[in-house]
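# Residue-level structure breakdown
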Amino acid sequence: MVYQRINSNRKIKMSFLELQNITKIYPNGTKAVNETSLNIDNGEFVVFVGPSGCGKSTLLRMIAGLEDITNGEISLDGNVINNIDPSERDVAMVFQNYALYPHMSVFNNMAYGLKNRGISKEEINNKVNDVAKLLEIDQLLTRKPSMLSGGQRQRVAMGRAIVRNPKIFLFDEPLSNLDAKLRNQMRLEIKRLQRQMGVTSIFVTHDQTEAMTLGDRIVVINNGVVEQVGTPKEIYSKPNTKFVAEFIGSPQMNLFNCKIENGIAHIADMRINLNNSANIDDASLGIRPDDILISDNGQHTCVANLVEYLGSDMIIYSKIGDQEFSCKLSSKINLNAGDTFKFDISNTLVHLFDNTNGSRV
Amino acid sequence: MKKVQFKSNYSQYFFLAPQLLILLIFLYWPIIQTFKDAFTMQDAFGFGSQFAGFDNFLFIFSDPSYFTAFKFTIIYSFVITVITGSIGLLLAVQANKVMHGKSAYKTLLIWPYAIAPAVVGVMANYFFSERYGLLHHLFNNLWGFNWYENVFDAYIYVIIAGSWKQISANFIFFLAGLQAIQKTVIEASIIDCKSNIRRFWTITFPLLMPTTFFLIIINITYAFFDTFGIIDTTTIGAPGSETKTLVYKAYIDGFKGLDLGSAGAQSIMMMIIVLVITIFQFRYIEGKIHYN
């Protein structure tokens with residue numbers, strides 16, 4: 001099979017892709033990426049996630065060579081690639097709108113990059129056919145892209161990247177044009193293929209579900225700056241900054257503005273003992289909606305202003321003082337809008353951030 | 001919504017009348033007249049005419065100067081199509097690459113399109129004037145340029161005069177065509193192919209095919225019909241009748257030679273040519289060369 005051949009000629013080596021102090025400033029003065037450094041290991045699946053316009057796509061495009069690097073150095077497999085032509089970087093990219101060549105058949109779309117590298121016809125035939133079988137598009141090889149469905153186009157775009165046998169796959173929001181069902185299906189498939197082939201991959205998305213499910217590691221980017229790098233679990237359970245805390249997790253983490261005196265958080269008239277000796281005037285106390293423990297003998301009491309029923313779960317919106325918060329709980333509990341409920345906040349489940357710089361305390 | 005109901009049955013004709021009158025007077029009546037002319041023989045002073053059947057057609061087909069004009073028109077439209085298409089494409093590709101002052105280049109390259117053919121002809125006249133013409137002087141030094149006597153030189157004259165303005169039209173459409181190509185498709189090809197030239201011929205050019213075919217038709221029609229003013233202000237068909245287009249010949253024969261029968265027959269031949277081009281356009285181009 002094709003993926004075995006791909007695997008055999010790769011030596012395992014640490015820090016396969018290295019970004020050193022990468023900065024991108026556009027001619028109009030916009031700073032899209034600021035002093036970003038990152039190491040990616042061979043075979044790793046890394047997801048760049050962040051809100052739109054945060055610079056994640058720019059970073060990917062700089063790795064691909066589609067965007068000039070204002071400052072810094074990118075090296076792939078030990079070689080600096082800053083000034084290497086995109087076609088010779090040994091990278092393959094899958095675009096958001098697939099970017100298939102509309103005038104070429106599926107076969108030619110996949111073969112185009114190989115033809116330009118002077119690979120023999122027979123070898124091209126073999127490679128394209130192998131990959132087409134792998135992606136189950138071998139029935140479509142003679143069709144033009146306009147005759148394919150969105151999911152099929154996506155597969156062809158993937159196939160075009162795979163036949164190149166690149167050192168690294170770059171995915172630029174490849175799933176965002178698909179409908180929800182197909183998106184989940186393709187997501188699993190991308191993950192499966194990446195595991196099978198073991199090719200280093202970078203996946204750009206603004207969708208946190210994609211980020212959490214796909215990535216071995218997640219890079220959270222905001223305003224051109226890396227906020228946090230870590231495994232999905234690390235990012236979720238120990239967000240480094242307030243931004244990451246708010247960005248990852250659905251429903252969003254509750255963040256209460258509060259004052260910490262001798263390890264005790266003051267939120268309106270609620271007191272939470274943090275079991276430390278912190279003193280912060282302007283802090284944010286974060287707690288995930290599903291970490292709020294509702295029980296009949298809870299310490300705190302609130303009124304459910306609004307209840308959202310989601311099937312297995314429900315979300316309750318309430319207020320402490322004038323600060324809104326939500327909690328997520330099993331919908332088996334009988335609670336309606338207007339009811340009061342009792343809950344506890346465990347100091348082992350809270351996240352504390354200093355509001356002056358947004359970093360975790 | 002309430003439909004407006006008119007009591008009179010005639011009001012719709014009243015509102016249509018201005019448009020219909022224009023069509024009748026400037027389109028249908030001349031067509032009818034042309035058919036009448038083509039099938040009758042008239043004396044030069046217009047005193048009398050008689051039905052002539054296909055005599056006028058037989059006459060133009062036996063007239064060598066008709067075939068000279070036919071040959072010239074074919075060569076002329078072919079060369080103009082190739083020259084304006086390729087230069088227009090080259091300029092569009094270059095202008096599309098420019099980062100700074102893009103709109104300035106665009107404006108400058110589009111300007112000639114707004115100039116009337118007759119004015120273009122007059123300007124070309126200056127360039128090819130025997131006494132002070134820049135291009136006349138240049139070509140004369142190179143190979144003894146003399147368009148009064150040399151057919152090839154006369155071709156060069158009318159081709160340059162006829163191409164200049166049409167390059168702008170080609171430029172506009174090619175530029176629009178280039179900008180309509182998805183940016184990511186080009187980016188994907190940058191990753192797939194190193195050579196700029198190869199990328200152009202394998203990706204960009206095929207994707208411009210709809211524009212190219214459209215422009216071929218536009219250029220042919222231009223060279224056939226819209227170059228009247230250019231011929232009339234430059235060579236006037238000289239040397240001999242070597243640079244008369246079919247339109248120009250029909251005009252000369254009809255209004256200068258006062259042979260309305262022959263001019264009518266020639267017009268009908270042109271009508272047939274237009275018909276063929278149009279059918280070709282609808283059959284093979286409108287339907288086939290769109291990818292999405």
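Every chain begins its residue count from 1, and numbering advances along the sequence as written. Labels follow written order: the first chain is A, the first ligand is 1, and so on. Per-residue local features are limited, in this predicted model, to residues with pLDDT of at least 70; the limit for side-chain atom pairs, both in listing and counting, is 80 or more; totals at the level of whole chains, interfaces and linings are taken over all residues.

## Comments concerning the overall build of chain A
Selection criterion: A run of H or I in DSSP counts as a helix once it spans at least four residues, and a run of E counts as a strand once it spans at least two, with each numbered from the N terminus. Residue burial is a threshold on neighbouring C-beta atoms within 10 Å of the residue's own C-beta, all placed from the backbone, with 20 or more meaning buried, 12 or fewer meaning exposed, and counts in between meaning partly exposed. Residues are treated as contacting if the C-beta atoms built from their backbones sit within 7 Å of each other.
For chain A, the count of helices and strands is nine helices and 21 strands. Burial status across chain A gives 39% buried among its 361 residues. Look at the contacts in chain A between residues 6 or more apart in sequence, and 64% of them connect residues 24 or more apart.

## Some thoughts on the overall build of chain B
Our working definition: Radius of gyration here is computed from C-alpha atoms only, and the compact-globule reference equals 2.2 Å multiplied by the residue count raised to the power 0.38.
Broken down by element type, chain B carries 13 helices and two strands. In terms of C-alpha radius of gyration, chain B reaches 24 Å, well past the compact-globule figure of 19 Å for 292 residues. Taking the principal axes of the C-alpha coordinates as reference, chain B spans close to 75 × 75 × 30 Å. Residue pairs in contact within chain B that sit at least 24 positions apart in sequence constitute 70% of those at least 6 positions apart.

## Details of the domain arrangement of chain A
The line we're drawing: Boundary definitions for the domains trace back to an automatic or database domain assignment.
Domains assigned within chain A are domain 1 (2-243) and domain 2 (251-354). Summarising the inter-unit geometry, the C-alpha centres of domain 1 of chain A and domain 2 of chain A are found 40 Å apart.

## Side note on the environment of A:R117
All names here are of chain A. Summarising the element assignment, R117 is placed in the loop between α3 (106-115) and α4 (121-134). Under the C-beta neighbour-count criterion, R117 is labelled partly exposed, with 13 such atoms within 10 Å. Between the C-alpha atom of R117 and that of E88, which follows or precedes it by 29 residues, the distance is 9.6 Å.

## Focus on the interface of chain A and chain B
For clarity, the cut-off: For this classification, Asp, Glu, Lys and Arg are treated as charged, while Ala, Val, Leu, Ile, Met, Phe, Trp, Tyr, Cys and Pro are nonpolar and the rest, including Gly, are polar.
In this complex, chain A contributes 19 residues to the contact, which on the side of chain B involves 16 residues. Of all the secondary structure elements, the ones that give two or more residues to the side of chain A that touches chain B are β6 (91-94) and α3 of chain A. Element by element, the count of residues in the side of chain A that touches chain B is highest for β6(A), at three residues. Looking at side-chain class alone, the side of chain A that touches chain B contains 11 nonpolar, six polar and two charged residues.

## As for the packing of α3(A) against helix α5 (residues 150-163) of chain A
All names here are of chain A. Convention followed: Whenever a helix is involved, its axis is fitted only over the stretch in contact; in every case the axis is a line through C-alpha atoms, and angles between N-to-C directions fall within 0 to 180 degrees. If an angle is under 35 degrees, it is roughly parallel; if it is over 145, roughly antiparallel; if it lies from 65 to 115, roughly perpendicular; otherwise it is oblique. Whether a crossing is left-handed or right-handed is set by the direction in which the near helix is turned from the far one by less than a right angle, anticlockwise for left-handed and clockwise for right-handed.
The contact between α3 and α5 brings their axes to 8 Å, and the two run at 30°. The orientation of α3 relative to α5 falls into the category roughly parallel. Judged by the twist between their axes, the crossing of α3 over α5 is right-handed. Counted together, V106, N109, M110, G113 and L114 of α3 and V156, G159, R160 and V163 of α5 form the full contact between these two elements. Along the lines of polarity and charge, the residues of the contact of α3 with α5 split into five nonpolar, three polar and one charged.

## A look at unusual backbone geometry
The residue after A:S250, namely A:P251, is reached through a cis peptide bond having omega -5°. For A:P251, the position within the fold is in the loop between α9 (242-247) and β11 (254-261). The peptide bond linking B:A238 to B:P239 adopts the cis configuration, its omega dihedral lying at -5°. Looking at where B:P239 falls in the secondary structure, it is placed in the loop between α11 (228-233) and α12 (246-256). Phi angles above zero are rare outside glycine, and A:E173 is one such case at about 45°. Along the chain, A:E173 falls in the loop between β7 (168-172) and α6 (180-197). At A:A268, a position not held by glycine, the phi torsion is positive, near 45°. Of note, A:A268 is situated in the loop between β12 (264-267) and β13 (270-273).

## Some points on the environment of A:T340
Residues and elements named next belong to chain A. Along the polypeptide, T340 turns up in strand β20 (residues 340-344). On the neighbour-count criterion, T340 (10 C-beta atoms within 10 Å) is exposed. Along the primary structure T340 and E88 are separated by 252 residues, whereas in three dimensions their C-alpha atoms are 65 Å apart. Those residues in contact with T340, other than ones at most four positions away along the chain, are T301, C302 and V303.

## Re the pairing of strand β2 (residues 31-40) of chain A
Residue and element names in this part refer to chain A. Selection criterion: In this analysis, strands are considered paired if DSSP registers two or more bridges between them.
When strand β1 (residues 17-25) meets β2, the two strands line up antiparallel, connected through six bridges. Across the sheet, I25 pairs through a bridge with K31, a residue of β2. The loop that links β1 with its antiparallel partner β2 comprises five residues; one of these, G29, has a positive phi angle of about 95°.

## Side note on helix α1 (residues 11-38) of chain B
All names here are of chain B. Note the threshold: Any helix carries an expected span of 1.5 Å times its number of residues minus one. Fitting axes to the seven residues that end at a residue and to the seven that start at it, the angle between those axes gives the bend at that residue.
Relative to the 40 Å expected for 28 residues at 1.5 Å per residue, α1 spans 38 Å between its end C-alpha atoms, a close match to the ideal helical length. Maximum bend of α1: about 50°, positioned at A17, with proline P18 one to four residues after it. Turning to α1, its buried residues are T34, D37 and A38.

## Some remarks on the sheet that holds β13(A)
Residue and element names in this part refer to chain A. Ordered in space as β13-β12-β11-β14-β21, the five strands form an open sheet in which the pairing is antiparallel. Lying at the two open borders of the sheet, with one neighbouring strand each, are β13 and β21 (351-354). Going across the sheet, the axis of each strand differs from the next one's by a mean of 40°, ignoring polarity.

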